[in-house]
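# Breakdown of the fold
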Amino acid sequence: MFQHQTQQNQTIDLPLGKVVCVGRNYAEHAKELGNEIPDAPILFIKPATSVVSLESGFTIPQDQGSVHHEAEIALLINKEVNNISASDAWDYVSHVTVALDLTLRDVQAKLKEKSHPWEIAKGFDGACPLGKWVAVSELSNKECIAIELYKNGEQKQKGDSTQMITSIPDLIAYISTIFTLQPGDVILTGTPAGVGPLRSGDELKAVLDNQFSFHANVM
Ligand code: ZN
């Protein structure tokens, strides 16, 4: 059973809940997949069963075409809330980390062709490797959170939260008009450009806020 943990290996006493994700929240990423920029956030949910520890290493499906990494800033909700205003949104977030929104890109392309939901491509067991959490108070500036992903030593993704189409507070506010957020729920805030395929044996490093490092092996 997955347990939320801090970077100092302390258990966070919140149950793992749903993972609410947003698609196409960085213009450059929408462009690289040939997608239009949406006029409202595109939301989808990964079930709690998709979450695994990032730093423990994770497996990827081997027989379903390409598996893409989407490195994303993740938020941990610590109080139940709905219909919140953007100005209060940070009060409901205790921690931040890096998550991978693993995506079966070939499967997703076929689903998109048929206008079907994406769940099979994004909600499978193991589809959400989630890092150990950093307290919001430890960030250098929560209004500009940087994220980078390196694969086998090469930088693949780089962005920061000021490049988001929908900002973190606006995103939390919007989500809370649709889904009640509960303690232990996670929000994934979208991926910057540079997504690409993973293979077993890849070594990943993510950096959050230019100071917190996460290492993971793809098995
Ligand atoms: Zn994503």
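All values derive from a computational prediction rather than experimental measurement.

## Some details on the overall build of the protein
Each helix and strand in the protein was counted, giving four helices and 15 strands. In terms of overall dimensions, the protein is globule-like: its C-alpha atoms have a radius of gyration of 16 Å, near the 17 Å expected for 219 residues. Each of the three principal axes of the protein carries a C-alpha extent, and together these read 40 × 40 × 30 Å. Across the 219 residues in the protein, those meeting the buried criterion constitute 55%. When contacts within the protein are restricted to residue pairs at least 6 apart in sequence, long-range pairs at least 24 apart make up 75% of them.

## Observations regarding helix α4 (residues 168-176)
Within α4, seven of the nine residues are buried, leaving the element largely enclosed by the surrounding structure. Buried within α4 we find I168, P169, L171, I172, A173, I175 and S176. Buried residues along α4 sit in contact with β1 (19-23), β2 (42-46), β5 (71-77), β6 (93-100) and β12 (186-188).

## Observations regarding the pairing of strand β10 (residues 146-151)
It is a general feature of regular strands that their side chains alternate between the two faces of the sheet. Most of β10 is tucked away, with five of its six residues classed as buried. Here β10 runs beside strand β11 (residues 154-160); their pairing, made up of six bridges, is antiparallel. Within the sheet, the bridge partner assigned to A146 lies in β11 and is D160. Between β10 and β11, which pair antiparallel one after the other, the connecting turn spans two residues, and N152 there sits at a positive phi close to 50°. Note that β10 and strand β14 (residues 203-208) share five bridges and pair antiparallel. What sits directly across from Y150, in β14, is K205.

## A closer look at the coordination of the zinc ion
A four-donor tetrahedral metal ideally has 109.5 degree angles, and a six-donor octahedral metal ideally has angles of 90 or 180 degrees. Within the protein, E70 (OE), E72 (OE) and D101 (OD) serve as the donor atoms for the zinc ion, at 2.0 to 2.1 Å. In primary-sequence terms, the residues that donate to the zinc ion follow E-x1-E-x28-D.

## Regarding empty space enclosed by the protein
Within the structure shown, the criterion is met by two cavities of 30 Å³ or more. Of the pockets and cavities examined, the largest cavity occupies roughly 120 Å³. In terms of lining, the largest cavity is formed by 17 residues, of which the most central are G23, R24, H29, E70 and K122. At the level of secondary structure, the elements contributing two or more residues to the lining of the largest cavity comprise β1 and α2 (105-113).

## Details of the sheet that holds strand β13 (residues 196-197)
Taken in spatial order, the three strands line up as β7-β4-β13 in an open sheet, and their pairing is antiparallel. Of all strands in the sheet, those with a lone pairing partner are β7 (103-104) and β13, marking the two edges. As paired elements, strand β4 (residues 67-69) and β7 share two bridges and run antiparallel to each other. In the sheet register, V67 faces β7, and the bridge partner there is L104.

## A look at unusual backbone geometry
For N83, which is not glycine, the phi torsion reads 50° and is therefore positive. As for its placement among the helices and strands, N83 is situated in the loop between β5 and β6. For N83, a relative accessible area of 59% corresponds to the exposed category. Backbone geometry places N152, a non-glycine residue, at a positive phi of 50°. Locating N152 in the fold gives a position in the loop between β10 and β11.

## Examining the sheet that holds β11
What the four strands build is an open sheet, ordered β11-β10-β14-β15; its pairing is antiparallel. Edge strands, defined here as strands with exactly one partner in the open sheet, are β11 and β15 (212-217). The average angle at which neighbouring strand axes cross in this sheet is 15°, direction not considered.

## Quick word on the nonpolar core
Most often, soluble globular proteins keep nonpolar side chains buried together rather than apart. F58, I73, L75, I172 and L208 are the most contacted members of the largest nonpolar core, which totals 48 residues. Elements with a minimum of two residues in this core: β1, β5, β6, α2, β10, α4, β14 and β15. Ranked by residues supplied to this core, first place goes to α4 with five residues. Membership of the second largest hydrophobic core comes to 17 residues, among which are I12, A99, W118 and L130.

About the thresholds
Residues numbered from 1 in each chain as written. Predicted model: local features only at pLDDT ≥ 70, side-chain atom pairs only at ≥ 80, totals over all residues. Heavy atoms only, no water. Helix = DSSP H or I, 4+ residues; strand = E, 2+ residues; numbered from the N terminus. Rg over C-alpha atoms; globule rule 2.2 N^0.38 Å. Buried < 20%, exposed > 50% of the residue type's maximum accessible area, 1.4 Å probe, protein only. Contact = heavy atoms within 4.5 Å. Pairing = 2+ DSSP bridges. Donors = N, O, S within 2.8 Å, 3.2 Å for Na, K, Ca; no water. 1 Å grid on protein atoms, 1.4 Å probe; cavity = no way out; pocket = protein on both sides within 12 Å on 5 of 7 lines; lining within 4 Å. Points joined across faces, edges and corners; volume = space filled by probe spheres on them. Axes fitted to C-alpha atoms, helices over the stretch in contact; angles between N-to-C directions. Core = buried A, V, L, I, M, F, W, Y, C linked by side-chain atoms within 4.5 Å.

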